[in-house]
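Listed below, chain by chain, are the residues.
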Amino acid sequence: MDYLKSVVPSQLISERGSNLVVINPGSSNIRIGLASQDAPFNIPHCIARYTNQVPKRSVQDQILNSQVTTEQQMEREQAYDAVARLLKIPFLDEEVANNNNSYLRKMGRVDGYNPPNNRKDAAFSWTNVYQKEDSQYSETETSGNKVVDNEFADQNQNSDPKEPSSSGHSFKQFICGEEALKISPAEPYCLCRPVRRGHLNISEHYSMQQVFEDMYAIWDWILIEKLHIPQSERNMYSAILVVPETFDNREIKEMLSIVLRDLCFSSAVVHQEGLAAVFGNGLSTACVVNMGAQVTSVICIEDGVALPTTEKTLPFGGEDIARCLLWTQRHHQTWPQIRTDLLSKPMDLLMLNRLKESYCEIKEGEVDAVAVVHSYEVDMTVGSHKTRLSALNVPPMGLFYPMLLVPDVYPPPPRSWFHDYEDMLEESWHLDFPRRTEDGLFPNINVGLQMWDSYPVHAAKPKKEETVGLADAITSSILSTGRIELQRKLFCSIQLIGGVGLTSGLVPAVEERVLHAIPSNEAIDTVEVLQSRTNPTFVSWKGGAILGILDFGRDAWIHRGDWIRNGIHLGSGRKYKDSYYLQAQAMCYINS
C-alpha cells in the first residue's frame, strides 16, 4: 500500500501495463491495446471472407432484416411530430405540404456555397482485395488449426483463385476491420459481424462455430498486425476482457475460451464495462449510460460495485440514429437521387455514420448544414453530391423517442442458445470473503458487505431489453436502488460513455429530460451529467487497463492451464466479478 501511495501513476502504468492486453469487444467496434497505451486501437468488429456461394450475399446478416410495417411508420411519424413540437421546428405534414418550395430554397443556397475541402467530406475508396502470393497473411496463421463448419467450408472451397488480369496475385482469404467494410459488393466476399445488438450473432444463418471462428480471426489479426504480438509470445502476456453488461453467462465463457485456449494468453480476468467506466474516470459511484453503435445500456455503480438490479438495456444506438438521418433526409427530399443501401453496402453506413458524427446535434430551432454525400456504385467512380441536409437535430432525439428508430434492421439474436446453468457473474455481496490480514495490504479499508443485504439476489436469467426512451431508462434504473441518499447521489453523477456520448447538445438534453421523467412524489430536484475525463468512446477500455494494473494480488485471474483443464469451479474464488480485494486496492489508489 505504501508503494501505491508513493508511485507516480505514469510509472505504475509503464511498469505493469506493458504485458497486459485490454480487450473491449462491442457490436460494431472492438477496442484493444496494451494497458500502457494512452488510447486503444478502435477497429470495426467485422470480417469479410472470400466465398464462392451462389447466390452471393455481400453481408451475412442482410437476410435477417424485416420491412417497416405501416404501424411502425405511423408511430415514427408521430414521434417526429412530438420531437418537432419540443424542438420548435415544423411538423412532418407541414414539411410535406411545403416540400417543393423548401427544396428549391435549399438547393438554391447550396449552389452558391463553396465549403472548404476537409477530411469529413473526403470520399472512401474501395478496398483492394488482391495480394501477392508471397506476402500473404495466411489464414493458417490464425484459424488453420480450428474446424470450420460445413456451410462455410463449402463457401470457401477453391478460395484462392488467380486474378484474371494479373498473374502472381490472389484473393485474400479474409479481410478484417474497416477495410472489410469498404469491399465492393461485386467482389466475392461476405461480411460477417460476430456480435450483433450486444450479443453473439448466432442464428440459423450464422452458426455458433463460425461466430467463434470469426471472432478469433479478428482478434488474432489485430494482435499480430496492430500490436505485433505473435502467438508464440503470448504466453508472456495476460488479457483483461472488458465485456458489456448485455452479454450473458455463456457468451462470456466462450469469449474467455477464445482468449485463453485459442489466442494462448497466459491468464485473463473479466470486468464489466460499466464498472470499468467509473474507474476510467476516477469515480467510485455513478450511473453509467453506455451508448454504443447498436445497444444502449444503463447500470448503477456504488462504491466500486455494480448493482445488477439497476441494469437496463435499450435496443438502439448510434447506427440507428444514422439510419434515422437517412430516413429524415429522404422524407424531406434533401437526399440526392442515388442508391444508398445500408444493408448490402456497408460503405454507405460508414458514410452515414460520418455525416451523423459531423452534423447531428441537439438544440432548438431548425438545424441545417451543407454536406457532401457520396454515391458508391460498382464499376463507377465515386460520385460527390453537395446538398443541404435539414432537421439534423431530429435523429439524435430518437434516444428519447425510440419510435423514431424503427427496429427493422439487425434484430437481436434468438435467446434460446444462451441458457447456462453455471454462475459466471458471481454476486460479490452474496459471498463470505476471507480477509487476507497476513500481508497487511488493506488494514484500514472497510468497504463492507452488509450494505448489500437489502438487495434481492436473483437467479441467472436472460437479459431483458426495455422499450422505453433513454431518460425513462435512467430514471427507472436509479430509482430501483430504493435509497433516497443513493438516488440523489446517482442523479448528480450520471456518466455518458460510448461514441454517441460525443453528440453535441446531448448533455443538457439528458439533464432536462431525466429531470422531467422523475415522478413528482420523489424528493429529487437536481440532475447532473458529469464531464468525462477520458474520451467517452474508450473510457471503459481505459478503466479496464487501470483495474488490471492495480490488481496486484490477481485473486480473480484465471490461468490458461486451469481453464482448459477445469473451467469454472464453484467457490474457487476465480470468477468474473471484481474481487473484494481489487475494489479495496482501487479505492485506496483513487482516494489517496
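Predicted, not measured: the structure shown is a model, and the values here were computed from it.

Asks: When you look at the sheet that holds strand β3 (residues 41-44) in this model, what are you seeing that I'm missing?
Replies: Strand pairing in a sheet is mediated by backbone hydrogen bonds. Such pairs are either parallel or antiparallel. One open sheet holds the 6 strands; their spatial order is β3-β2-β1-β12-β13-β20, and the pairing between them is mixed. Taken across any chain shown, the strands that pair with only one partner, and hence form the sheet edges, are β3 and β20 (558-559). Taken together, the 6 bridges between strand β12 (residues 238-243) and strand β13 (residues 267-272) define a ladder with parallel strand orientation. Looking across to β13, one finds that Ala239 is bridged to Ala268. Against the sheet, helix α10 (residues 273-280) engages β1 (20-25), β2 (29-34), β12 and β13, with an angle of about 85° to β13. Sitting on the sheet, helix α16 (residues 539-550) is in contact with β1, β2, β12 and β13, with an inclination near 145° to β1.

Asks: Where do I start with the packing of aromatic side chains in this structure?
Replies: Aromatic ring pairs are reported here in terms of the distance separating the ring centres and the angle at which the planes meet. Counted under the stated rule, the structure contains 6 aromatic pairs. Lying over the aromatic face of Trp327, Arg76 brings its terminal NZ or CZ to 4.5 Å of the ring centre. Taking the ring centre of Phe124 as reference, the NZ or CZ of Arg354 above it sits at 4.3 Å.

Asks: Got a minute to help me understand the packing of helix α13 (residues 470-479) against helix α15 (residues 506-517) in this structure?
Replies: Close contact between α13 and α15 brings their axes to 8 Å; oriented N to C, the two are set at 60°. The angle between α13 and α15 falls in the class oblique. Crossing hand, α13 versus α15: right-handed. Here Leu470, Ala471, Asp472, Ile474 and Thr475 of α13 lie close against α15, whose contacting residues are Val510, Arg513, Val514 and Ala517. Of the residues contributing to the contact of α13 with α15, the split by class is 6 nonpolar, 1 polar and 2 charged.

Asks: I'm lost on helix α9 (residues 249-262) in this one. Help?
Replies: Between its terminal C-alpha atoms α9 stretches 19 Å, which fits the 20 Å expected from 14 residues at 1.5 Å a residue. Across the 14 residues that make up α9, a large majority, 12, are buried. If you check which residues of α9 are buried, you get Asn249, Glu251, Ile252, Lys253, Glu254, Met255, Leu256, Ser257, Ile258, Val259, Leu260 and Asp262. Phi turns positive, to about 70°, at Cys264, one or two residues after α9.

Asks: In this structure, what is going on with the sheet that holds strand β8 (residues 174-176)? I would like to understand it.
Replies: In space, the 3 strands of this open sheet follow the order β8-β4-β9, with antiparallel pairing throughout. Among the strands making up the open sheet, the edge pair consists of β8 and β9 (189-192). On average, adjacent strands in this sheet sit at an angle of 20° to one another, irrespective of strand direction. Of the strands in this sheet, β4 (47-50), β8 and β9 touch helix α8 (residues 208-225), which is tilted by about 110° from β4.

Asks: Looking at this model, I keep getting lost on the pairing of strand β14 (residues 286-291). Mind explaining?
Replies: Within a regular beta strand, the side chains point alternately toward one face of the sheet and then the other, so they alternate between its two faces. Burial analysis of β14 places 6 of its 6 residues in the buried class, the great majority of the element. Residue alternation in β14 divides its side chains into two sets, Ala286, Val288 and Asn290 and Cys287, Val289 and Met291, and both sets are buried. Relative to strand β15 (residues 296-302), β14 runs antiparallel, the two being bridged by 6 bridges. Bridge assignment links Ala286 to a residue of β15, and that residue is Ile301. The hairpin turn running from β14 into β15, its antiparallel successor, is 4 residues long.

Asks: How should I be thinking about the pattern of salt bridges in this particular structure?
Replies: Opposite charge on two side chains permits pairing when their charged atoms draw close. Following the criterion strictly, the structure yields 15 salt bridges and no others. A single network of salt bridges, built from pairs that share partners, joins Arg339, Asp341, Lys345, Asp348 and Glu377.

Asks: I keep staring at the nonpolar core and nothing clicks. Help me out?
Replies: Generally speaking, a soluble globular protein has its nonpolar side chains buried in company with each other. Core analysis: the biggest nonpolar cluster contains 46 residues, and Tyr80, Val289, Leu399, Phe400, Leu470, Ile474 and Val510 have the highest contact counts within it. Excluding residues that lie within four positions of it along the chain, Tyr80 makes contacts with Ile89, Pro90, Phe91, Leu92, Trp327, Thr328, His332, Ala391, Val394 and Leu404. Grouped together as the second largest cluster of nonpolar side chains are 44 residues, Leu34, Cys176, Trp221 and Met255 included.

Asks: Could you clarify how one ought to interpret unusual backbone geometry in this entry?
Replies: With the exception of glycine, most residues fall at negative phi, and the peptide bonds are largely trans. In this structure, Cys264 is a non-glycine residue whose phi angle is positive, near 70°. Among the structural elements, Cys264 can be located in the loop between α9 and β13. If you check the backbone angles, Gln333 has positive phi at about 60° while not being a glycine. Mapped onto the elements, Gln333 comes out in the loop between α11 (318-331) and α12 (346-359). Look at Gln333 and you get partly exposed, because its relative accessible area is 41%.

Analysis parameters
Residues numbered from 1 in each chain as written. Predicted model: local features only at pLDDT ≥ 70, side-chain atom pairs only at ≥ 80, totals over all residues. Heavy atoms only, no water. Pairing = 2+ DSSP bridges. Helix = DSSP H or I, 4+ residues; strand = E, 2+ residues; numbered from the N terminus. Contact = heavy atoms within 4.5 Å. Axes fitted to C-alpha atoms, helices over the stretch in contact; angles between N-to-C directions. Phe/Tyr/Trp six-rings, centres within 6.5 Å; stacked < 30°, edge-to-face > 60°. Lys NZ or Arg CZ within 6 Å of the ring centre and 35° of its normal. Parallel < 35°, antiparallel > 145°, perpendicular 65-115°, else oblique. Left-handed = near helix turned anticlockwise from the far one by under 90°. Nonpolar A, V, L, I, M, F, W, Y, C, P; charged D, E, K, R; others polar. Expected span 1.5 Å × (residues − 1). Buried < 20%, exposed > 50% of the residue type's maximum accessible area, 1.4 Å probe, protein only. Salt bridge = Lys/Arg side-chain N within 4 Å of Asp/Glu carboxyl O. Core = buried A, V, L, I, M, F, W, Y, C linked by side-chain atoms within 4.5 Å.

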